[in-house]
Amino acid sequence: MNNSAQHHSFDRLTWALIWLGVASSLILEAMTQFSLWQHTRYFDQIDYDPVLRILRVMQFLNTGNWMNDVFPAIDPPAGMIVPWTHPLDVVLAAGGLVLHHWMPLRDALLIWSMALSPLFYFILIAVMVWAARPVLNNDSEKLVLILFLFLSVWIQDTFYLLRCADHHALTLIFEAAALGALLRGDHKPHWYAWAGIFSAIGMWNAIEGFALYALIVIGLGIGWLMTGDRGILQRLKYFCLAAAGIICLAWPIEHLPAGKLFVVEHDRLSIVHVVWLTLTAAFVFILSFGEKFLSRRGARLIAAGIGGAIILAVMQYYFPGFYHGPMQAVDPWLQQHWAPSITEIQPLKWWQVWPFLPWYILAYAVVCYEADARPISGQNYARALCLILLIGFSFLTVFGVRWIRNFDLLCWPFAALGLIRGAAFAANNFMSAKPAWWRPLAQFLLCGAVLYAFSQAHNLIVKPQTPPATALMDCNTGIARLSQFSNWDRWLGPYPVTVMTTPDAGLSIVFWTGNNVLTANYHRDLDGFLRQNAIQTAPDSAAALAAIRRANVNAMILCQPYPQWLDARHLPSWLSRVEWPESNEKLSLTPRNERPLILRVK
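> Is there a simple way to explain the overall build of the protein in this structure?
In terms of regular secondary structure, the protein is built from 23 helices and seven strands. Restricting to contacts in the protein with at least 6 residues of sequence separation, those with at least 24 account for 72%. Carbon and sulfur atoms provide 64% of the accessible area of the protein, an area that totals close to 27,300 Å².

This is how it looks when you write it as structure tokens:
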């Protein structure tokens, strides 16, 4: 067989393996989604964030007031201010309105929101494959598609399963796009403007995107301070100006129609972030005109110190809470009683990352090699910048588990490159006497074996450490089913009433029944938490009744442990028990340990 025929055979087998990987990944994804659908076919495992998102979009579409961030069904009559911006709302409303032609609006939004999760999943894969191309050679570019499709299974257990869409899923897509733009910016500086646009849109969608923006600015700033390279400063200018431009456009879109343009908010896009990005962009723009005076490193350090001090002083003077992070406005009582129950803001546990340490080490090794393999300049800085991003997100992940997905996403291209090159090295050196078509097959099998080993390590180490479903979680499931399948008007009274229940289950009641709840699991609902706490910690039934009257509560759906003043066997005269409805088959199948205590206030 001549060389051209061997190459043709090699190429055909490589593409055959690619499509085998695509088909295998799609089958695995379909099996996972079907398994989840079997588990949540009653919609009782939907996270409360996406449920509130659907309810808010329903409110927008029914009232036509898109700028009303008060959701009155939580903590009535004042309601709760929802701390989200609108990009995902627009996507959700667009698909929901199309489906609304064939079904009620609530069902249309629910189905479209569930469809968005796997849709975002495949979009992320496509964007990551695009983002990784600059770090891959020709042969690896063909095999990397398989790699990313298999690796994507690791991320789908949070934001991309068959459940309602979450804004974090959309933010990760923009982070991947920004990463791809950075990797293309070595030879085409204008790509840094696109990186600024993508990171700013991610920040607009969720304020967590500010971390990526800040790390990129820090990384480019360090590169310019160390080298004085004009190309790095040029790329920093493109990035900052583009990001500031997008944020300055998004700011009035979010706040001007509601007359809240200058309201200070730290947990979503506001004047705080506009000032920070504008000052940073202005400072970098000024630096670009003074390059001839900044040829010495000492001069650059002095200029950066003066400019940075001015920006920090302005932010400290006008927005003193800025440096305490997005959650700085959370009341101390909530910090003590609410924050410890929120998993995503807790420090990372060792067992959550232990099986993936070889993967992370490989990514760090490849990034360090790539950054050190060429001199640092404007034309060769993207790899060094990615190293700074990895280090930054590593520290964020240690202090908050919510950042692990951002860190994983940055690791993928470089760990993929290391794995593929390692497999290619093994195939070329240990199978050189074999026919040419053996090499892509060997690479495919070696990559698959490594990935399988990682997945098994995850199953053996991480899953046994994951806390099992608690009685409270089971009870929340029972409340969700009770909300969906029982006739509330028959036993609760005229619509709407205010129900006191667990914070996690409250939105199920609002979504399925249209009634109100005293509180929900959000940091902006301090008043609702305090009123519910007053009821639960009342010293006796008389004090509890007084607290209930002040909160205008009409019914209680409680999970164990019950308040100390409540004896479920001998209820106070002002309470009556509602028996669990057995008429509906879906409710009668609910185990007794999942059935909450249903009480009506007389």
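> Any chance you could explain the sheet that holds strand β3 (residues 498-500) here in plain terms?
Within a sheet, neighbouring strands are paired by backbone hydrogen bonds and run either parallel or antiparallel to one another. Taking strand neighbours across the sheet as the criterion, the five strands line up as β4-β3-β5-β7-β6 in an open arrangement whose pairing is mixed. The outermost strands of the open sheet, each flanked by one partner alone, are β4 (516-517) and β6 (575-578). As paired strands, β3 and strand β5 (residues 555-558) are joined by two bridges and run parallel to one another. Within β5, the position partnered with methionine 500 by the bridge is methionine 556.

> Would you take a moment to explain the packing of helix α6 (residues 167-184) against helix α15 (residues 382-399) for this structure?
Two numbers describe a pair of packed helices, the interaxial angle and the distance between the axes. In contact at an axis separation of 9 Å, α6 and α15 are set at 150° when each is read in the N-to-C sense. In terms of orientation, α6 and α15 fall into the roughly antiparallel class. Here α6 contributes Glu175, Leu179, Leu182 and Leu183 to the contact with α15, which in turn contributes Ala382, Arg383, Leu385, Cys386, Leu389 and Phe393. Partitioned by chemical class, the residues of the contact of α6 with α15 number eight nonpolar, no polar and two charged.

> When you look at the side chain of serine 270 in this model, what are you seeing that I'm missing?
One can find serine 270 in the loop between α9 (230-255) and α10 (271-289). At 2.5 Å, the side chain of serine 270 and the backbone oxygen of glutamate 265 are in polar contact. Look past the residues within four positions of serine 270 in its chain and what remains in contact with it is Trp251, His255, Val263, Val264 and Glu265.

> So what exactly am I meant to see when it comes to the nonpolar core here?
Ranked by internal contacts, the top residues of the largest apolar core, which has 147 residues, are Leu52, Tyr213, Leu220, Phe239, Leu277 and Ile557. With 12 residues, the top contributor of residues to this core is α6. Membership of the second largest hydrophobic core comes to 19 residues, among which are Ile548, Trp574, Leu575 and Leu597.

> Sorry, what's going on with the pairing of strand β7 (residues 597-601) here?
Successive side chains on a regular strand alternate, one facing one side of the sheet and the next facing the other. The buried fraction of β7 amounts to four of the five residues, a majority that puts the element mostly inside the structure. Across four bridges, the pairing between β5 and β7 is antiparallel. Paired with isoleucine 557 across the two strands is isoleucine 598, which belongs to β7. Of the pairings in the sheet, the one linking β6 to β7 comprises four bridges and is antiparallel in character. Considered in β7, the bridge of arginine 577 is made with leucine 599.

> When you look at the state of the cysteines in this model, what are you seeing that I'm missing?
When the sulfur atoms of two cysteines share a covalent bond, that bond is a disulfide. Taken as a whole and judged by the stated rule, the model has one disulfide. Between cysteine 475 and cysteine 559 runs a disulfide, and the two sulfur atoms are separated by 1.9 Å. Looking down the S-S bond of the cysteine 475 and cysteine 559 bridge, the torsion is -85°, so its handedness is left-handed. Taken as a pair, cysteine 475 in helix α18 (residues 471-485) and cysteine 559 in the loop between β5 and β6 lie far apart in primary sequence, 84 residues in all. The same class applies to cysteine 475 as to cysteine 559, namely buried.

> So what exactly am I meant to see when it comes to the confidence of the model for the protein here?
Interpretation of this model should avoid reading the predicted coordinates in detail wherever pLDDT is low. Model confidence for the protein is summarised by a mean pLDDT of 80, while 76% of its residues fall at 70 or above. The spread of mean pLDDT over the elements of the protein runs between helix α1 (residues 3-39), the lowest at 56, and helix α7 (residues 191-205), the highest at 95. Contacts for the low-pLDDT stretch residues 5-10, under 50 throughout, to residues beyond four places or in other chains number seven contacts.

> Explain the packing of aromatic side chains here, please?
Each aromatic ring pair is summarised here by two numbers: the centre-to-centre distance and the angle between the ring planes. Throughout the structure, instances matching the rule amount to 19 aromatic pairs. On the numbers, 5.9 Å between centres and 50° between planes, the contact of tryptophan 130 with tryptophan 191 is tilted. One end of the pair, tryptophan 130, is in helix α4 (residues 105-132); the other, tryptophan 191, is in helix α7, with 61 residues separating them in the sequence. Looking at tryptophan 130, the relative accessible area reads 29%, which means it is partly exposed. A centroid spacing of 5.8 Å and a plane angle of 75° characterise the contact between tryptophan 251 and phenylalanine 262, whose relative ring orientation is edge-to-face. Highlighted residues: tryptophan 251 in helix α9 and phenylalanine 262 in the loop between α9 and α10, separated in sequence by 11 residues. Chaining the aromatic ring pairs together yields one cluster made of Phe210, Tyr213, Phe239, Trp276 and Phe322. It is arginine 106 that lies over the ring of phenylalanine 511; its NZ or CZ is 5.6 Å from the centre. Over the ring of tryptophan 130 we find arginine 184; its NZ or CZ atom is 3.9 Å from the centre of that ring.

> Looking at this structure, how should I read the side chain of histidine 273?
Tracing the chain through its elements places histidine 273 in helix α10. Taking the relative accessible area as the measure of exposure, histidine 273 reaches 3% and is therefore buried.

> What am I meant to see in helix α8 (residues 210-227) here?
Every α-helical turn comprises 3.6 residues, leaving residues that sit three or four positions apart pointing alike. For α8, with 18 residues, the first-to-last C-alpha span of 26 Å sits near the 26 Å given by 1.5 Å per residue. Where α8 ends, the next residue or the one after it, glycine 228, has phi of about 70°, a positive value.

> What exactly am I supposed to notice about the pattern of salt bridges here?
Oppositely charged side chains are able to pair whenever their charged atoms sit close together. Across all of its chains, the model carries 13 salt bridges by this definition. One salt bridge in this structure joins arginine 56 and aspartate 89, with 2.4 Å as the shortest N-O distance. With arginine 56 in helix α2 (residues 48-63) and aspartate 89 in helix α3 (residues 87-99), the pair connects residues that are 33 residues apart, well separated along the chain. Taking the relative accessible area as the measure of exposure, arginine 56 reaches 1% and is therefore buried. Aspartate 567 is paired through a salt bridge with arginine 569; the nearest N and O atoms lie 3.7 Å apart. Using a relative accessible area of 30% as the deciding quantity, one classes aspartate 567 as partly exposed. Through salt bridges that share partners, Arg53, Arg56, Asp69, Asp89, Glu265, Asp267, Arg268 and Arg524 make up one connected network.

Cut-off values and rules
- Per chain, residue numbering runs from 1 following the sequence as it is written.
- Whole-chain, interface and lining totals are the exception, using all residues; otherwise, since this is a predicted model, local features are given only for residues with pLDDT of at least 70 and side-chain atom pairs are given and counted only at 80 or more.
- Each side-chain value is derived from all of the structure's non-hydrogen atoms; neither hydrogens nor water enter the calculation.
- Every helix listed is a DSSP run of H or I at least four residues long, and every strand listed is a run of E at least two residues long, numbered separately from the N terminus.
- Whether two residues are in contact is decided by their heavy atoms, any of which lying within 4.5 Å being enough.
- The Shrake-Rupley method, run with a 1.4 Å probe, gives the accessible areas here. Residue values count only the displayed protein chains as cover.
- A strand pair is defined by DSSP finding two or more bridges across the two strands.
- Every axis corresponds to a line fitted to the C-alpha atoms, with the helix fit spanning only the stretch in contact, and the corresponding angles, defined between N-to-C directions, vary from 0 to 180 degrees.
- Roughly parallel means an angle under 35 degrees; roughly antiparallel, over 145; roughly perpendicular, 65 to 115; everything else is oblique.
- Residue type decides the class: Asp, Glu, Lys and Arg count as charged, Ala, Val, Leu, Ile, Met, Phe, Trp, Tyr, Cys and Pro as nonpolar, and the leftover types, Gly among them, as polar.
- Throughout this description, a polar contact denotes any pair of N or O atoms lying within 3.5 Å of each other; where both atoms belong to protein, one of them has to be capable of donating a hydrogen while the other can accept it, and for residues adjacent in sequence the pair is counted only when both atoms sit in side chains.
- In plain words, nonpolar cores are sets of buried Ala, Val, Leu, Ile, Met, Phe, Trp, Tyr and Cys residues tied together by side-chain atoms within 4.5 Å.
- Accessibility here uses a 1.4 Å probe with only protein chains present; expressed as a share of the type maximum, an area under 20% marks a residue as buried, one over 50% as exposed, and anything in between as partly exposed.
- Two cysteine sulfurs form what is called a disulfide whenever their separation falls within 2.5 Å.
- A score from 0 to 100, pLDDT tells how confident the predictor is in each residue.
- When two rings of Phe, Tyr or Trp (its six-membered ring) have centres within 6.5 Å they constitute a pair, described as stacked for plane angles under 30 degrees, edge-to-face for angles over 60, and tilted for the intermediate range.
- A ring is scored as having a charge over it whenever the NZ atom of a lysine or the CZ atom of an arginine sits within 6 Å of its centre and within 35 degrees of its normal.
- One fewer than the residue count of a helix, multiplied by 1.5 Å, yields its expected span.
- We count a salt bridge whenever a side-chain nitrogen from Lys or Arg sits within 4 Å of a carboxyl oxygen from Asp or Glu.

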